[in-house]
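Working through the structure, step by step
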Amino acid sequence: YPGGYFSDRIFDKMKVGDCLEFYGPVVTLNYAANVAKCIGMIAGGTGITPMYQVIRTVLKNPQDNTKIKLVYANKSTDDILLHDELRNLAETHPEQLEIRYVVEICDDNAHDYLDNDMVEGRIQANSLKDFLPGPMDDRTVIFVCGPDGMLEFLCGKGSKDGGNRGHLPNSAGTGTYMQPPLGGLLKYLGYQNHLVIRF
């Protein structure tokens, strides 16, 4: 897509018939069941990918009681990836998974399509504060993944660069990751650096 990381750097230069090798998966976070009481997730566009992996991991384990609150932002309803899959998971596990869509451009059917749990516009303090788990519970963790502009708005400048080491609330069975100091809207809302994980 225009302005995308790979679109501008790789795909625009390729010709039909060219080959491209991929490797992976690359483990960014080793998740362990019940590591948090509640995971708040903020995803923008294709940033839903790692969130969806964690959601599926949590919900397929009957021993994992973690609650998940997902804020999923997109430009329009047409841009929402995995909508049917997410709806199915939320309907199957209503006690564990709640989803709020934030859509910039709404068509007439947007509210019906998104089960009426939708905010029109962009991510703002109120749409996070009244939905995500609060910043004072040390068993809460926030995952953030999306375009660079969204990450900077939510987490501050350099949000994907190296920085302080952080860990999940209960580090048993989990890896350590690098992240810069927290800034942006999440800091303003009171979240602590070590409880906000950026992908």
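These notes cover the structure that comes with them.

Criteria and cut-off values
Residues numbered from 1 in each chain as written. Predicted model: local features only at pLDDT ≥ 70, side-chain atom pairs only at ≥ 80, totals over all residues. Heavy atoms only, no water. Helix = DSSP H or I, 4+ residues; strand = E, 2+ residues; numbered from the N terminus. Buried < 20%, exposed > 50% of the residue type's maximum accessible area, 1.4 Å probe, protein only. Arc of directions from axis to C-beta. Contact = heavy atoms within 4.5 Å. Phe/Tyr/Trp six-rings, centres within 6.5 Å; stacked < 30°, edge-to-face > 60°. Lys NZ or Arg CZ within 6 Å of the ring centre and 35° of its normal. Axes fitted to C-alpha atoms, helices over the stretch in contact; angles between N-to-C directions. Parallel < 35°, antiparallel > 145°, perpendicular 65-115°, else oblique. Left-handed = near helix turned anticlockwise from the far one by under 90°. Core = buried A, V, L, I, M, F, W, Y, C linked by side-chain atoms within 4.5 Å. Patch = residues over 30% accessible without salt bridge, like charges linked within 9 Å, V, L, I, M, F, W, Y side chains within 5 Å. Areas by Shrake-Rupley, 256 points an atom, 1.4 Å probe, with all protein chains shown as cover. Salt bridge = Lys/Arg side-chain N within 4 Å of Asp/Glu carboxyl O. Pairing = 2+ DSSP bridges.

In this structure, R87 sits in helix α3 (residues 83-92). Residues R87 and E98, 11 residues apart in the sequence, show an inter-C-alpha distance of 9.6 Å.

It is worth spelling out unusual backbone geometry at this point. Positive phi, normally seen in glycine, also occurs at N34, with a value near 60°. Of note, N34 is situated in the loop between α1 (5-9) and β1 (38-44). Of note, the phi angle at L82 is positive, near 60°, even though the residue is not glycine. Tracing the backbone through its elements, the reader meets L82 in the loop between β2 (67-76) and α3. Take L82: its relative accessible area is 27%, and that puts it in the partly exposed class.

Here we take up helix α6 (residues 148-155). When α6 is considered as a whole, its buried residues turn out to be M150, L151, L154 and C155. One side of α6 holds all its buried residues, which, seen down the axis, span an arc of 100°. In α6, the exposed residues that point more than 90 degrees away from the buried face are D148 and G149. For α6, the secondary structure elements touched by its buried residues are β1, α5 (125-129), β5 (140-145), α7 (184-188) and β8 (196-198). Downstream of α6 by a residue or two, G156 has a phi angle that is positive, lying close to 100°.

Here we come to the packing of aromatic side chains. Summed over all chains, the structure comprises two aromatic pairs. Ring centres of Y72 and Y101 lie 6.2 Å apart, and the angle between their planes is 45°; on these two criteria the pair is classed as tilted. Placement of the pair is Y72 in strand β2 and Y101 in strand β3 (residues 97-105), with a sequence separation of 29 residues. Note on Y72: relative accessible area 0%, which makes it buried. Among the residues examined, Y101 registers a relative accessible area of 4% and is labelled buried. Here the basic side chain of K69 rests over the ring of F131, its NZ or CZ set 5.0 Å away from the ring centre.

So, about the packing of helix α2 (residues 48-60) against α3. Two numbers describe how α2 lies on α3: the axes approach to 12 Å, and their chain directions differ by 30°. As the angle between them shows, α2 and α3 are arranged roughly parallel. Between α2 and α3 lies a crossing of left-handed hand. Between α2 and α3, the residues in contact are I48, Y52, I55, R56 and L59 and E85, L86 and L89, respectively.

Moving on, we come to the nonpolar core. Ranked by internal contacts, the top residues of the largest apolar core, which has 32 residues, are M41, I55, L70, L86 and F143. Those elements that provide at least two residues to this core are β1, α2, β2, α3, β3 and β5. A total of seven residues in this core trace back to one element, the largest contributor, which is α2. Not counting residues up to four positions away in its chain, the partners in contact with I55 are M41, I68, L70, L86, L89 and L97.

The subject of this paragraph is a nonpolar patch on the surface. A cluster of nonpolar side chains, namely F11, L20 and F22, defines an oily patch on the protein surface of about 330 Å² accessible area. Mapped onto the secondary structure, F11 falls in the loop between α1 and β1. Among the residues examined, F11 registers a relative accessible area of 42% and is labelled partly exposed.

Working note: regular strand, side chains alternate between the two faces of the sheet. Of all six residues that make up β5, six are buried, and the element is covered over most of its length. Alternating residues of β5 divide into T140, I142 and V144 and V141, F143 and C145, and every residue in both groups is buried. Sheet topology note: the β1/β5 ladder contains six bridges and is parallel. Bridge pairing in β5 links A43 to C145. Of the strand pairs in this sheet, β5 and β8 are connected by three bridges, and their pairing is parallel. What sits directly across from F143, in β8, is I197.

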